[in-house]
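If you want the building blocks of each chain, they are given just below.
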Amino acid sequence: MTTTHEAGWAHASGALRGPSWLRQPTDPNELVPQLWSRTAHKRGDDLVVGGVALADLAAEHMTPAYVLDEEDFRARAVGFRDAFAGWQVYYAAKAFVCTGVARWIAEDGLHLDACSSGELTVALRGGVDPARIEYHGNNKTVPELRRVVSAGVGKVIVDSLTEIDRLADVARDLGTVQPVLVRVTAGVEAHTHEYIATAHEDQKFGLSITSGDAFEAVRRVLAAPGLELRGLHSHIGSQIFDASGFEVAARRVLALHARIAAELGVELPEMNLGGGFGIAYTTQDDPADPADLAAAMRSIVEHECRALGVAVPQLSIEPGRAIAGPSVCTLYTVGTVKPVRLDGGAVRTYVSVDGGMSDNIRTALYDADYSCTMADRRSEAEPVLARVVGKHCEAGDVVVKDEFLPGDVRPGDLLAVPGTGAYCRSMASNYNHALRPPVIAVRDGVARVLVRRETEDDLLATDVGDQE
Ligand SMILES: Cc1ncc(COP(=O)(O)O)c(C=O)c1O
Ligand SMILES: N[C@@H](CCCC[NH3+])C(=O)O
């Protein structure tokens, strides 16, 4: 049930409207269900996730904290696995990974996409079979490649001509043959923030189809004794809703696939179409269901393969955000509340919480939108347009740009921000020597710490002092 409507209050003279998509909730005490993980609900004063009242969780574990709804995460992972049955689904660990999550991925029969040695270490420690891991990166070093190849990683996604010789040398040195995919740029302008679009020509990832670099890479990999070319890879970007981007990319990559078959006599057995499926951060977002995505992508690929006269290769995708994103909310405590009068007389209420850009950089970096709600009490106070900000020394330290909160929001209130499972903990920093928050899994009324809160001793552990 959606609890939003266009309210008169937002249009009162002198009142701040916020962005055009933002609607004042009919009842700010209720959740907008599509923004929350599946077990989240209000029970009396409490916001409850995984059967745990977040007020109790905060009392025991403090704030800020990332609260991970295990049932939701695993249902999304399995949902992708089943919707794309017959395909290989690689969970993109960059969205968020820890050993506990890696174990779920392994247990639930998904594959895993790693793009750093650290992600690989965590995945292996979590019990993911190296053969079910693929490894990305536009600048893989020789030691990194040695580690990846010797760990027995299933596939390396080659990202440059330079990397081909480097990887072939490593494989030869280690006396093995490394399966690879070649990452190509399909020249698609994906409709997302420019920092997270990756298939247009003018950026660092992949090998251009148009310039001929992709075909040249394929030729070189085929000629390299230590490498086994398995197929092509394309990832057009992240937080994408418009299926036409995937469609255009798939068509261009399949055309290259067919050209390789025709000119080089090699019908490649695999193809990876990447990740990037968008999620709902606010009511303006309307993500596709994995089953619909799967049907659309299957039909594009089958149609194109028929037209090109090639067999349908073994297909893979790499969703990260669409699995991890909606399953987490960040829990904060309000510290100060400051109504600020703007030019024209309208008031914006700045609500400062005990975290900020160090636990969620996405608002500052991508101008991302989030929502939030009070997590430990109900209020009948008239809503005000609030901006939730952090405690860092930075004016751009904003967590939620615009949200209606009860006008009596006050120090000590708990606030929860949904949709923070992807690219928040994984992009968290120690700015201002902030301590990165814990990740706490909740399920069936039990809260378990998956990643503990950092301590000041952790900060001092890397600061070895002036050794002179
Ligand atoms: C190569 C690759 N695969 C998969 C992903 C996962 O993207 P998302 O989390 O948007 O599904 C990314 C990140 O954008 C990526 O760079
Ligand atoms: N970090 C980005 C997604 C890009 C990920 C990697 N290619 C985000 O938060 O939206």
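Along each chain, the written sequence defines residue order, and numbers are assigned to residues from 1. Chains carry letters and ligands carry numbers; both start at the beginning, A for chains and 1 for ligands, and go up in the order they are written. Per-residue local features of the predicted model are confined to residues with pLDDT of at least 70, and side-chain atom pairs are confined, for both listing and counting, to 80 or more; whole-chain, interface and lining totals are unaffected and use all residues. Calculation of side-chain values draws on the structure's entire complement of heavy atoms; hydrogens and water are dropped beforehand.

1. Section: the UniProt feature "modified residue: N6-(pyridoxal phosphate)lysine" (unreviewed entry) in the protein
Okay, step 1: UniProt records the feature "modified residue: N6-(pyridoxal phosphate)lysine" (unreviewed entry) for Lys 94 in the present numbering.
Okay, step 2: Along the chain, Lys 94 turns up in the loop between strand S5 (88-92) and helix H3 (99-107).
Okay, step 3: For this analysis, residues touch if any pair of their heavy atoms sits within 4.5 Å. Setting aside chain neighbours within four positions, we find Lys 94 in contact with Asp 113, Cys 115, Glu 119, Tyr 423 and Ser 426. UniProt positions are given in the numbering used here, feature names are shortened, and annotations may be inferred rather than shown by experiment. Starting at the N terminus, helices and strands are each numbered in turn, a helix being any DSSP run of H or I of at least four residues and a strand any DSSP run of E of at least two.

2. Notes on the site of ligand 1
Okay, step 1: A single heavy atom is enough: if one lies within 4 Å of a molecule or strand, its residue is considered near that molecule or strand. Around ligand 1, a shell composed of 14 residues is seen, among which Ser 238, Gly 276, Glu 318, Arg 321 and Tyr 423 lie nearest.
Okay, step 2: Any pair of N or O atoms that falls within 3.5 Å is considered a polar contact. Within protein, one atom must be able to donate a hydrogen and the other to accept it, and sequence-neighbouring residues count only if both atoms are side-chain atoms. The side chain of Glu 318 places a nitrogen or oxygen atom 2.5 Å from a nitrogen atom of ligand 1.
Okay, step 3: In this structure, an oxygen atom belonging to ligand 1 sits 2.7 Å away from a main-chain N or O atom of Arg 321.
Okay, step 4: For every accessible area listed, the method is Shrake-Rupley and the probe measures 1.4 Å; residues are considered covered only by the protein chains on display. Here ligand 1 loses 93% of its free accessible area of 390 Å² to cover by the protein chains.
Okay, step 5: Here the residues of the shell around ligand 1 are counted per class, giving 3 nonpolar, 6 polar and 5 charged. Three classes are used: nonpolar for Ala, Val, Leu, Ile, Met, Phe, Trp, Tyr, Cys and Pro, charged for Asp, Glu, Lys and Arg, and polar for all others, with Gly counted as polar.

3. Structural notes on helix H1 (residues 54-61)
Okay, step 1: Taken together, the buried positions of H1 are Leu 54, Leu 57, Ala 58 and His 61. Looking straight down H1, one finds its buried side chains confined to an arc of 100°; they lie on one side. H1 presents Asp 56, Ala 59 and Glu 60 as exposed residues on the side facing more than 90 degrees away from its buried surface.
Okay, step 2: Residue Met 62 follows H1 closely and has a positive phi angle near 70°. Note on exposure labels: buried denotes an accessible area under 20% of the residue type's maximum, exposed denotes more than 50%, and partly exposed covers the range between, all computed with a 1.4 Å probe on protein chains only. By definition, the arc is the one covered by directions from the helix axis to the C-beta atoms.

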